[in-house]
Amino acid sequence: MKLLIVGGYGTFGGRIVQLLENEPRLELIIAGRSLAKAEACCKERGTTKARLMPATFDRDGDLGAQLAALLPDIVVDASGPFQAYGEGRYRLIEACIDARIHYLDLADGSDFVAGIAGFDAAAKAAGVMALSGVSSFPVLTAAVVRRLSAGMARVGTIRGGVAPSPFAGVGENVIRAIAGYAGRPARLMRGGRPAKGYPLTEQMRYTIAPPGRVPVRSTLFSLVDVPDLRALQALWPEASTIWMGAGPVPEVLHRALIGLAWLVRTGLIRSLSPLAPLMHWATNRLSWGEHRGGMFVAVEGTDEAGRPIRRSWHLLAEGDDGPLIPSMAVEAIIRKALDGRMPAPGARAATRDVELEDYEALFAGKTIHTGFRDDTGERKALYPDLLGDAWQSLPAEIRAMHEGAAMADGRASVERGSGLLSRLAARMAGFPPGAADVPVKVRFVADGQGETWIRTFGAHSFSSRQFAGSGRSERLLCECFGPLTFAMALVVDGNRLRLVLRRWSLLGLPLPMWLCPRSNACETVEDGRFRFHVEISHPAAGLIVRYRGWLVPAQGSSTVGSPAVLPSSRQPEAVHSVQP
């Protein structure tokens, strides 16, 4: 199969090449206005299973002649910005239909994607597919909403957002598109009625948290003008509100962009388009933070009885794999076509042509993790609620310790640091003195807001308060020791449960992480028994405390069925593992 990628040496085109270059059944024509850039791209890829061929292709030239010379089976337009294509914006689609060549594009403009339906009859008559918007927005979002809405009698609200890594590398055409629509009215559904939204001037904050993984830091999302605003409405006409956002980081640059968008909305300036080169430079040069990004889709609806249902899907991408996701819809369609499953002829938004299982097959083998959460609001134990669908993957002994037990007994060894600062820190936290072998008791006092954990090592007792975080600590387990609060991610690592520090504060005032104590804490099961290992240190103080041991729920201590105490997370190891 011969695939012509228009803009093949650009940001998105290059990622399509990267995803498909291991397919020996493909010939990839990497094309654009510059033959030199196309040749350099082919050379840069080195040895590939697919055959790479550079070519010149000008969207403003004689398209029929160029297509006749290259004779592709499928054309992928990965150039853009599609919002700026002008009066002849569908010339390439028309040329492909005339030549009976299949067509795909990665259009992110809602008007452009909506308009492709006008070519449906011609595409069907020619026996070719012409699919637009073949990207995360709206293909992946539509696939996720289908999964989330299963069993719902009515879909009420759809919200979603993408939070790219600050090191993802954003193409100039993407920035030009954003600059073009920032602050200018976009059509959407709000409160059951068609309305106007103003991209980058409307915000929401959300925490992307695949169950059992370290969440993406709480992210500020701004409304963006993407095809979903209308394409999802066509699929779920009963939805009263559809909102899609982007959460670029660092947040300080995002907030600067928000301010500029407000200048457009209030009419003080006409457009941010003249600033696109500066925005592109800032986005790709002023980058710091974690090299990880994510995506979320949240759906609210009702069942047949009218009871509310709220569900969410979370995606986390580590390192360089995240930027590949917008191009994976093209990869999925091409691989299906190679296997004889070509999408049906016709011109349309590609919202029904890729399912979530197609994506999940492509995510496998990459550092891309997904998961679902039930956000309906039913009361759950603390740890099961935070871990979502990762809870059941934990060993039974760990689950038993966190759900239902009111008391646990065991034994532990305790080591204390010998330095002055470490001894002072341990004393302030109330950590037990060193001992080679000491009995341990942990009592859990639960209420509707959290739990108080009372730990006794030998004759020494101390306590802390645990609860589910909110705001910037959403999806994290928070534990208070006096005026200090530590927010931790619950991470499932095989048969282990790890606690990973993400934030800390003093009397509610956030503190820098470089000042925070270091914690290495995990729970596991050995010889059928719950075991914990905790080590707390600080760069300035060295080792503060290290203890390890085992615990079992005390006989007759279960709180299940007790009207006075709600089932709650029970993690003595977490008690041990948290910071002073």
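Quick caveat, the model's predicted, so the values are computed rather than measured. Residue positions within a chain follow its written sequence, with the count starting from 1. Selection of residues for local features in this predicted model requires a pLDDT of at least 70, selection of side-chain atom pairs for listing and counting requires 80 or more, and totals for whole chains, interfaces and linings are taken over all residues. Hydrogen atoms and water are omitted, and side-chain values are computed over all heavy atoms in the structure.

1. Focus on the environment of Phe481
So, point 1. Elements are defined by DSSP. Helices are runs of H or I of four residues or more, strands are runs of E of two residues or more, and each kind is numbered from the N terminus. When you line up the elements, Phe481 lands in strand β21 (residues 477–481).
So, point 2. When the C-alpha positions of Phe481 and Asp98 are compared, they lie 71 Å apart, and in sequence the two are 383 residues distant.

2. Describing the side chain of Lys336
So, point 1. Among the structural elements, Lys336 can be located in helix α12 (residues 328–338).
So, point 2. Any two residues whose heavy atoms approach within 4.5 Å are treated as being in contact. The contact partners of Lys336, leaving out residues within four places of it in the chain, are Arg341, Met342, Asp353, Val354 and Asp358.

3. Describing the packing of aromatic side chains
So, point 1. Ring pairs shown here join Phe, Tyr and Trp side chains whose ring centres sit within 6.5 Å, with only the six-membered ring taken for Trp; geometry is labelled stacked below 30 degrees between planes, edge-to-face above 60, and tilted in between. This structure, assessed with the given rule, holds 13 aromatic pairs.
So, point 2. Their ring planes at 20 degrees and their centres at 6.3 Å tell us that Phe457 and Phe462 sit as a pair that is stacked.
So, point 3. Accessibility here uses a 1.4 Å probe with only protein chains present; expressed as a share of the type maximum, an area under 20% marks a residue as buried, one over 50% as exposed, and anything in between as partly exposed. Judged by relative accessible area, which is 4%, Phe457 ranks as buried.
So, point 4. The exposure class assigned to Phe462 is buried, which follows from its relative accessible area of 7%.
So, point 5. The rule is short: NZ of Lys or CZ of Arg within 6 Å of the ring centre and within 35 degrees of the ring normal puts a charge over the ring. In this arrangement the basic side chain of Arg15 is found over the ring face of Phe12, its NZ or CZ atom lying 5.8 Å from the centre.
So, point 6. Its guanidinium or amino end placed over the ring of Trp550, Arg529 lies 3.9 Å from that ring's centre, counting from NZ or CZ.

4. Looking at the environment of Ile101
So, point 1. Topologically, Ile101 is positioned in the loop between α4 (91–98) and β5 (102–105).
So, point 2. As a C-alpha pair, Ile101 and Val75 span 26 residues in sequence and 7.1 Å in three-dimensional space.
So, point 3. For Ile101, the residues in contact, after removing those within four places along its chain, are Leu67, Pro72, Asp73, Ile74, Val75, Cys96 and Val128.

5. With respect to helix α1 (residues 11–20)
So, point 1. Here α1 lies mainly inside the structure; seven of its ten residues are buried.
So, point 2. For α1, the complete set of buried residues consists of Gly13, Gly14, Arg15, Ile16, Val17, Leu19 and Leu20.
So, point 3. Of the surrounding secondary structure, the elements contacted by the buried residues of α1 are β1 (2–6), β2 (27–32), α2 (35–45), β3 (51–56), β4 (74–77) and α12.

6. Details of the pattern of salt bridges
So, point 1. Throughout this description, the term salt bridge denotes a Lys or Arg side-chain nitrogen within 4 Å of a carboxyl oxygen of Asp or Glu. For the structure on display, the rule yields 36 salt bridges.
So, point 2. Where Asp493 meets Arg496, a salt bridge forms, and the shortest distance between an N and an O atom there is 2.8 Å.
So, point 3. The exposure class of Asp493 is partly exposed, given its relative accessible area of 33%.
So, point 4. Assessed through its relative accessible area of 29%, Arg496 is described here as partly exposed.
So, point 5. Each of Glu23, Arg25, Glu331, Arg335 and Asp339 takes part in a single network of salt bridges with overlapping partners.

7. Comments concerning the sheet that holds β3
So, point 1. Strand order in the open sheet formed by seven strands is β3-β2-β1-β4-β5-β6-β15, and the pairing between neighbours is parallel. Taken across any chain shown, the strands that pair with only one partner, and hence form the sheet edges, are β3 and β15 (346–349). Across the sheet, the mean angle from the axis of one strand to that of its neighbour is 15 degrees, orientation sign disregarded.
So, point 2. Here β5 pairs with strand β6 (residues 129–132) via two bridges, running parallel. By the bridge assignment, Leu104 is partnered in β6 with Leu131. Strand pairing follows a simple DSSP-based rule, namely that at least 2 bridges must link the two strands. Here an angle of 0 to 180 degrees is reported between the N-to-C directions of two axes, which are lines fitted to C-alpha atoms, with helices fitted over the stretch in contact.

8. Examining the pairing of β5
So, point 1. Residues of β5 alternate between two faces, with His102 and Leu104 on one and Tyr103 and Asp105 on the opposite face, all of them buried.
So, point 2. With four bridges connecting them, β4 and β5 associate as parallel partners. Paired with Asp77 across the bridge in β5 is Asp105.

9. Comments concerning helix α13 (residues 356–363)
So, point 1. Buried within α13 are the following residues: Leu356, Asp358, Tyr359, Leu362 and Phe363. Seen end-on, α13 carries its buried residues on one side only, within an arc spanning 155 degrees.
So, point 2. Its buried side turned inward, α13 meets α7 (136–148), β14 (308–318), α12 and β16 (368–374).
So, point 3. Trailing α13 by a residue or two, Gly365 shows a phi angle of about 90 degrees, which is positive. Note that the arc is computed from the directions linking the helix axis to the C-beta atoms.

10. Digging into the confidence of the model for the protein chain
So, point 1. The predictor reports its confidence for every residue as pLDDT, a score running from 0 up to 100. Residues at a pLDDT of 70 or more form 95% of the protein chain, whose mean pLDDT is 90.
So, point 2. Contacts of residues 558–580 to residues separated by more than four positions or lying in other chains number 116 contacts, the stretch itself having pLDDT below 50.

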